[in-house]
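Secondary and tertiary structure notes
Below are the chains, spelled out letter by letter.
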Amino acid sequence: MTAEPLVQITGLDIGYVRHRRLTPAVTGLDLTVGAGEVVAIVGESGSGKTTTANALIGLLPPNGRITAGSAIVDGVQIAGARERTLRRLRGSVVGLIPQDPMVGLNPTKRIGAQVAEAAALRGFAGAAAHAETVRYLAQAGVPDPELRIRQYPHELSGGLRQRVLIAIAIAGRPKLIIADEPTSALDVTVQRRILDHLGGLVREEGISLLVITHDLAVAADRADRVVVMQDGRKVEEGEPGAILREPREQYTRRLIAAAPRLAHGGRLVPRFDVREQPVPEPILTLTGVGKTFAATDRRRGQRGFNALAGVDVTVPRGRTHALVGESGCGKTTTLRIALGLEAPTTGSIVLDGTEIAGKSWHQLRPLRRQAQLVHQDPFAALDPRFTVRQSITEPLVSFKVGGRRERAARARELLDQVALPAQYLDRRPAELSGGQRQRVAIARALALRPQLLMLDEPVSALDVLVQDQILRLLVELQAELGLSYLFVSHDLAVVAEISHTVSVMSGGRVVEEGPVAEVFTSPRTQHTRDLIDAVPGRAVRRVPADVHG
């Protein structure tokens, strides 16, 4: 006799009410999750993945409606259930690990108090709750949990915050954990450790795991079963190996082709090989750069924290140089120093032949026309009140370049360069998709005709299909305009797709550097080998030759 699945969704329809009209988000969905099973829902943004997950835990927004079908979790019908019923399920039956750990954690409460709230669902209080809190923090892989329980979220790294969310999810001893993009913003080694912990919980505790992800490589490595969604519908379902080797749907083939780790059979295959080519003159050189931040220790008083120590980085003209490494290794600090947003404690920074270290803001301002920044989060980088036209022409206005007519023409030209229609000029960021917003951010960065773009994780917040489009756009713009890029990323597969050379960082130092084709195929240091080994998708043995079709 086969046991009833823990989750049983049948013919589920979900929509959102906007301006008195219902917009479908999920249509006719059938889905099961068995006890102790790992199921991954994969698809691009807007495919209905997160809507499905939110419906299962009763956390649809106020305008969300289940309009048809059935969703049963542990024998309880979710569709039409009262809030009291849903509250009994949350934490004790279903635990949620949200995508953004800073949003998922209360910034005003210590870590220990937040985990203890979940333990309280099982009747623990006082010393017993403290013991349970320490236990589950340790089980989630948080080092030194007795120290961490006294800290606030802002005092932890992104990886540690994500582990705290796992501890909160498992402290209620749920039967099902829903992990909504739990590692999309984390570097590959932390990502592997987080997913290893979740996998261990499934094996040791018999917990079921529903993973929401846009990354087919993660699903391939971790799931027992993969469900592919597109436009709110399930288009394909099956065992990961079968789907990757013999995808039935063209959409699934597109997802595989857009994920370079899968398209190359789990290997890192660099797009460019510059090992035998002459090295162009540098547009940016950092030599012996060090950065010490002041830090306050309650016992030791004021002391220095060395974020960077003797960092050397060179960006050849017309090429892309990448900075890779774990969270906290100094990548972003190096980028900020290179852009003049942070002053180095020691060392030299030469931009297009000009030393910029030690210069004032007014002295640096003319140089900002030569180097521009593209942020990680395009929504946060764009003023929500501005139209696309205003966002793109803002640098021209700031530097008093051209008149109104010339700026309008430049805006249309830039939008064409980033492959957006001219009618988007009058839209605002909220009316654009994530990929469209990032194209606008790139257009704005190009407005002043810079020679160098500094890109800080520019595709980490995007799903794989949009990520692939943005990477192709950057390669095309570089070929067309002769741009140089300093590219910061935690995703080595993305680096392999766009970069010519790379610096691998660890502990504020460069531990290995050289052409990507050399570093990724013949790494000299154990740290680089560990980063490469942690890249998801290495379990793939064979991908069909026509997957790119």
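Keep in mind the model is a prediction, meaning the values are calculated, not measured. (Residues numbered from 1 in each chain as written. Predicted model: local features only at pLDDT ≥ 70, side-chain atom pairs only at ≥ 80, totals over all residues. Heavy atoms only, no water.)

Some points on the overall build of the protein chain
Along the protein chain, the regular secondary structure elements total 22 helices and 20 strands. Taken over C-alpha atoms, the radius of gyration comes to 24 Å for the protein chain, in line with the 24 Å a tight globule of 549 residues would show. Counting the 549 residues in the protein chain, one finds 53% classified as buried. In the protein chain, the proportion of contacts linking residues at least 24 apart, taken out of those at least 6 apart, comes to 70%. In the form shown here, the protein chain has an accessible surface area of approximately 24300 Å², with 48% of it arising from carbon and sulfur atoms. With 69 positive and 59 negative side-chain charges, the protein chain shows a separation of 6 Å between the mean positions of the two kinds. (Helix = DSSP H or I, 4+ residues; strand = E, 2+ residues; numbered from the N terminus. Rg over C-alpha atoms; globule rule 2.2 N^0.38 Å. Buried < 20%, exposed > 50% of the residue type's maximum accessible area, 1.4 Å probe, protein only. Contact = heavy atoms within 4.5 Å. Areas by Shrake-Rupley, 256 points an atom, 1.4 Å probe, with all protein chains shown as cover. Lys, Arg positive; Asp, Glu negative; His and termini not counted. Charge placed at Lys NZ, Arg CZ, Asp CG, Glu CD.)

Some words on the packing of aromatic side chains
Going through the model one piece at a time under the given rule, you end up with zero aromatic pairs. Its end group placed over the ring of Phe399, Arg365 keeps NZ or CZ at 4.2 Å from the ring centre. Directly above the ring of Tyr424 sits Arg427, whose terminal nitrogen or CZ lies 4.1 Å from the centroid. (Phe/Tyr/Trp six-rings, centres within 6.5 Å; stacked < 30°, edge-to-face > 60°. Lys NZ or Arg CZ within 6 Å of the ring centre and 35° of its normal.)

Some details on the packing of helix α16 (residues 388–398) against helix α18 (residues 434–446)
For the pair α16 and α18, interaxial distance at closest approach is 7 Å and the crossing angle is 30°. The angle between the axes of α16 and α18 places the two elements in the roughly parallel class. The hand of the α16/α18 crossing is right-handed. Along its contact with α16, which presents Val388, Ser391, Ile392, Glu394 and Pro395, the element α18 presents Val440, Ala443 and Arg444. (Axes fitted to C-alpha atoms, helices over the stretch in contact; angles between N-to-C directions. Parallel < 35°, antiparallel > 145°, perpendicular 65-115°, else oblique. Left-handed = near helix turned anticlockwise from the far one by under 90°.)

Describing the packing of helix α4 (residues 111–120) against helix α5 (residues 126–139)
Close contact between α4 and α5 brings their axes to 9 Å; oriented N to C, the two are set at 100°. As far as their axial angle goes, α5 and α4 are roughly perpendicular. Across the interface between the two elements, Ile111, Gly112, Val115, Ala116 and Ala119 from α4 touch Glu132, Thr133 and Leu137 from α5. Residue composition of the contact of α4 with α5, grouped by class: five nonpolar, two polar and one charged. (Nonpolar A, V, L, I, M, F, W, Y, C, P; charged D, E, K, R; others polar.)

Observations concerning the sheet that holds strand β19 (residues 501–506)
Pairing in this open sheet of six strands is mixed, and the strands run β16-β17-β18-β13-β19-β20 from one edge to the other. The outermost strands of the open sheet, each flanked by one partner alone, are β16 (371–374) and β20 (509–515). Within this sheet the neighbouring strands show an average axis-to-axis angle of 15°, counted without direction. Relative to the sheet, α18 contacts β16 and β17 (452–456), its axis offset from that of β16 by approximately 170°. Along the sheet, helix α22 (residues 526–533) contacts β13 (320–325), β19 and β20; its crossing angle with β19, the most-contacted strand, is approximately 105°. (Pairing = 2+ DSSP bridges.)

Some remarks on the sheet that holds strand β8 (residues 208–213)
Spatially, the six strands line up as an open sheet ordered β6-β7-β8-β3-β9-β10, and their pairing is mixed. In this open sheet, the two edge strands, each paired with only one partner strand, are β6 (94–97) and β10 (233–238). Taking the axes of each pair of neighbouring strands and ignoring which way they run, one obtains an average angle of 20° across the sheet. Packed onto the sheet, helix α7 (residues 158–171) meets β6 and β7 (176–180) and runs at close to 175° relative to β6.

So, the side chain of Ser47
Its location among the elements puts Ser47 in the loop between β3 (38–42) and α1 (49–56). One polar contact links the side chain of Ser47 to the main-chain carbonyl oxygen of Glu44, over a distance of 2.8 Å. Excluding anything up to four places from it in sequence, Ser47 contacts Ala25, Met229, Gln230, Asp231, Gly232 and Arg233. (Polar contact = N/O pair within 3.5 Å; in protein donor to acceptor, adjacent residues only side chain to side chain.)

Some details on the confidence of the model for the protein chain
On average, residues of the protein chain carry a pLDDT of 87, and 94% of them reach 70 or more. Low pLDDT, under 50, characterises residues 541–549; the predicted model gives this stretch 16 contacts beyond four residues in sequence or across chains. (pLDDT = per-residue confidence, 0-100.)

Notes on the pattern of salt bridges
With the rule as written, the count across this model stands at 24 salt bridges. Between Lys234 and Glu237 there is a salt bridge; the shortest N-O distance is 2.7 Å. The partly exposed category is assigned to Lys234, whose relative accessible area is 30%. In the salt-bridge network here, residues are joined through shared partners; they are Glu37, Arg225, Lys234 and Glu237. (Salt bridge = Lys/Arg side-chain N within 4 Å of Asp/Glu carboxyl O.)

Focus on helix α13 (residues 331–338)
For α13, a buried count of six out of eight residues is recorded, marking the element as mostly surrounded by other parts of the structure. Those residues of α13 that fall on the buried side of the exposure criterion are Lys331, Thr333, Thr334, Leu335, Ile337 and Ala338. Gly340 sits one or two positions beyond α13 and adopts a positive phi of about 80°.

Concerning the pairing of β7
Burial of β7 is extensive: five of the five residues sit out of reach of the surface. Alternating positions in β7 separate into two faces, Leu176, Ile178 and Asp180 on one and Ile177 and Ala179 on the other, with burial throughout. The pairing of β7 with β8 spans five bridges and is parallel. Of the residues in β8, the one forming a bridge with Ile177 is Leu209.

What to know about the pairing of strand β14 (residues 346–351)
Bridge count for β14 against strand β15 (residues 354–355) is two bridges, and the pairing is antiparallel. Pairing of Leu351 across the sheet is with Thr354, part of β15. Between the antiparallel neighbours β14 and β15 lie two residues, among them Asp352 with a positive phi of about 50°.

Digging into α16
Within the sequence span of α16, burial applies to Val388, Ser391, Ile392, Thr393, Pro395 and Leu396. Close packing links the buried residues of α16 with α17 (404–417) and α18. Count one or two residues on from α16 and you reach Lys400, which has phi positive near 55°.

Side note on the environment of Val397
By the secondary structure assignment, Val397 is in helix α16. Measuring from C-alpha to C-alpha, the distance between Val397 and Arg407 comes to 8.3 Å, with 10 residues separating the pair along the chain.

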